[in-house]
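# Structural characterization, general
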Amino acid sequence: MPTIEEIEGLEILDSRGRPTVQATLTLTGAARARAQVPSGASTGGAEARELRDGDPSRYNGLGCRRAAENLSGEIRATAATRSFPDQAAFDRFLIDLDGTPDKRRLGANAILAASIAFARAHAVERNLPFYRHLADVAALPRPSTLPRPTINLFSGGKHAGGQVAIQDVLVVPIRATSTDEALAVVAAVYAAAADLSLRRYGSRALVADEGGLAPAFPSPEAMLDDATTAISLAGFAPGEDVALAVDVAASHFYEHGRYRIDDTLTPTAMIGRIGAWLDSYPIVSIEDGLAEEDWASWPLLRQRIGQRALVLGDDLLTTNPDRIRRAVAAEAATALLLKVNQIGTLTEAATALGLARSAGWSVTVSARSGETEDDWLADLAVGWGGDQIKVGSIARSERLAKYNRLLEIEAETGLPLAGWPRTGR
Ligand code: 2PG
Ligand code: MG
């Protein structure tokens with residue numbers, strides 16, 4: 001293994017105009033790579049902690065200069081001239097150097113940037129496409145499928161100023177057989193939804209944080225109804241050609257044991273409401289249908305809908321091996337939303353992936369609402385055999401960078417799209 005020659009951190013801006021971190025890592029022999037990290041808005045309570053400067057006079061306290069300095073300073077000083085046998089050893093070094101359980105000292109943002117830049121530099125060194133190297137990092141076979149895109153259509157919750165409680169309604173091109181076809185299908189549904197939003201709400205096609213349309217829906221049901229109508233208007237059969245996925249993001253409207261969605265619902269009533277959505281709309285996946293700490297209710301949700309839709313955990317699991325183990329034991333979910341920055345290193349995220357796979361779960365590899373033009377997520381989703389990828393809408397270049405990279409990988413490999421997972425595990 002080559003030694004590390006240089007690591008540099010830089011504060012850059014994400015798609016919301018908020019600071020984030022970039023790392024550039026050089027190996028002896030000149031292999032050099034950079035990585036930019038994303039940042040969430042509807043973050044789970046158990047996520048690893050980004051380091052923010054807290055200086056109110058700059059970016060409202062959100063600056064990342066200290067995180068960038070930790071890369072150019074302490075991490076560089078300790079890692080440079082050292083050789084690490086593999087990704088796991090480098091990530092272990094970062095975790096130990098930080099010394100906190102949630103990576104708050106050096107910053108999970110700085111640590112993840114270093115972890116991904118290290119992986120990418122080694123892919124360059126090995127002269128391999130990044131997705132192939134990432135498969136090796138996780139000890140996985142060469143990829144045999146590409147992840148099926150699940151693409152944001154309508155936004156609410158924390159991504160759209162809270163005009164409706166649920167956060168995302170996504171389009172799932174279940175019949176498409178290629179990324180190319182999937183994107184064309186979703187673009188047609190998106191265009192139909194934009195027309196519908198104008199006619200129904202007088203809302204022009206201005207977009208929310210992830211590129212989704214965000215008219216003032218009077219209720220979650222109106223949002224689901226309009227999404228189903230848009231599928232038909234675009235000429236597709238709802239539930240046969242194109243289905244829906246919902247990120248309820250219920251942690252963000254959960255207070256004192258109740259769900260404030262419009263009415264204030266008990267967990268049992270919330271599960272009933274979700275069950276009714278599945279009866280009325282072509283929904284194949286429910287993400288964070290319940291709050292991250294409502295552990296007692298998740299198994300009931302799975303019993304109620306698990307035969308018909310994925311029970312996908314985001315805030316519930318935060319890509320955290322301990323939480324995934326607990327959820328597997330409790331039969332709380334059937335699918336993992338994998339976001340590397342929730343846990344902070346590639347190695348820990350690979351452990352999370354392995355646990356989900358051992359439980360027979362499906363895996364959706366996901367971007368964050370605050371993204372950058374970096375496209376490593378596409379390589380990760382391919383290399384790690386993700387069943388689905390969730391990047392946001394089919395608008396805005398921080399999203400399209402990932403779709404464009406998937407198109408490139410598809411053209412290069414000719415791999416087929418992963419089938420929609422069987423539910424009812
Ligand atoms: C989510 C993500 C992406 P955020 O909740 O799944 O949509 O949002 O990055 O704000 O946590
Ligand atoms: Mg989510």
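Residues numbered from 1 in each chain as written. Chains lettered and ligands numbered in written order. Predicted model: local features only at pLDDT ≥ 70, side-chain atom pairs only at ≥ 80, totals over all residues. Heavy atoms only, no water.

### Digging into helix 8 (residues 298-305)
Within helix 8 the residues assigned to the buried category are Trp-298, Pro-299, Leu-301, Arg-302 and Ile-305. Buried residues of helix 8, seen end-on, are gathered within an arc of 155° and therefore sit on one face of the element. Residues of helix 8 that are buried in the fold lie against helix 7 (267-280), strand 10 (283-287), strand 11 (310-313) and helix 9 (321-330). (Buried < 20%, exposed > 50% of the residue type's maximum accessible area, 1.4 Å probe, protein only. Helix = DSSP H or I, 4+ residues; strand = E, 2+ residues; numbered from the N terminus. Arc of directions from axis to C-beta. Contact = heavy atoms within 4.5 Å.)

### Overview of the UniProt feature "binding site: (2R)-2-phosphoglycerate" (unreviewed entry) in the chain
The sites that UniProt annotates as "binding site: (2R)-2-phosphoglycerate" (unreviewed entry) are Gln-167, Lys-339, Arg-368, Ser-369 and Lys-390. Topologically, Gln-167 is positioned in the loop between strand 4 (148-155) and strand 5 (168-172). Note on Gln-167: relative accessible area 3%, which makes it buried. Discounting residues that sit within four places of it in the chain, Gln-167 has contacts with Ser-42, Phe-154, Ser-155, Gly-156, Gly-157, His-159, Asp-247, Val-248 and Ala-249. Mapped onto the secondary structure, Ser-369 falls in the loop between strand 13 (362-366) and helix 12 (376-383). In this structure Ser-369 touches Ser-15, Arg-16, Ser-39, Gly-40, Ala-41, His-159, Asp-209, Glu-210 and Arg-399, once residues within four positions along its chain are discounted. Among the polar contacts listed, one links the side chain of Ser-369 to the backbone nitrogen of Ala-41, at a separation of 3.1 Å. (UniProt positions renumbered as here; feature names shortened; annotations may be inferred. Polar contact = N/O pair within 3.5 Å; in protein donor to acceptor, adjacent residues only side chain to side chain.)

### Some points on the packing of aromatic side chains
What the rule picks out here adds up to nine aromatic pairs. Between Phe-84 and Phe-90, the ring centres sit 5.1 Å apart and the planes meet at 75°, which makes this aromatic pair edge-to-face. Per residue, the accessibility class of Phe-84 equals that of Phe-90, and both read buried. By way of ring pairs, the aromatic residues Phe-84, Phe-90, Phe-93 and Phe-118 are connected into one cluster. For the cation-ring pair, Arg-326 lies above Trp-295, with the distance from its terminal atom to the ring centre recorded as 4.0 Å. (Phe/Tyr/Trp six-rings, centres within 6.5 Å; stacked < 30°, edge-to-face > 60°. Lys NZ or Arg CZ within 6 Å of the ring centre and 35° of its normal.)

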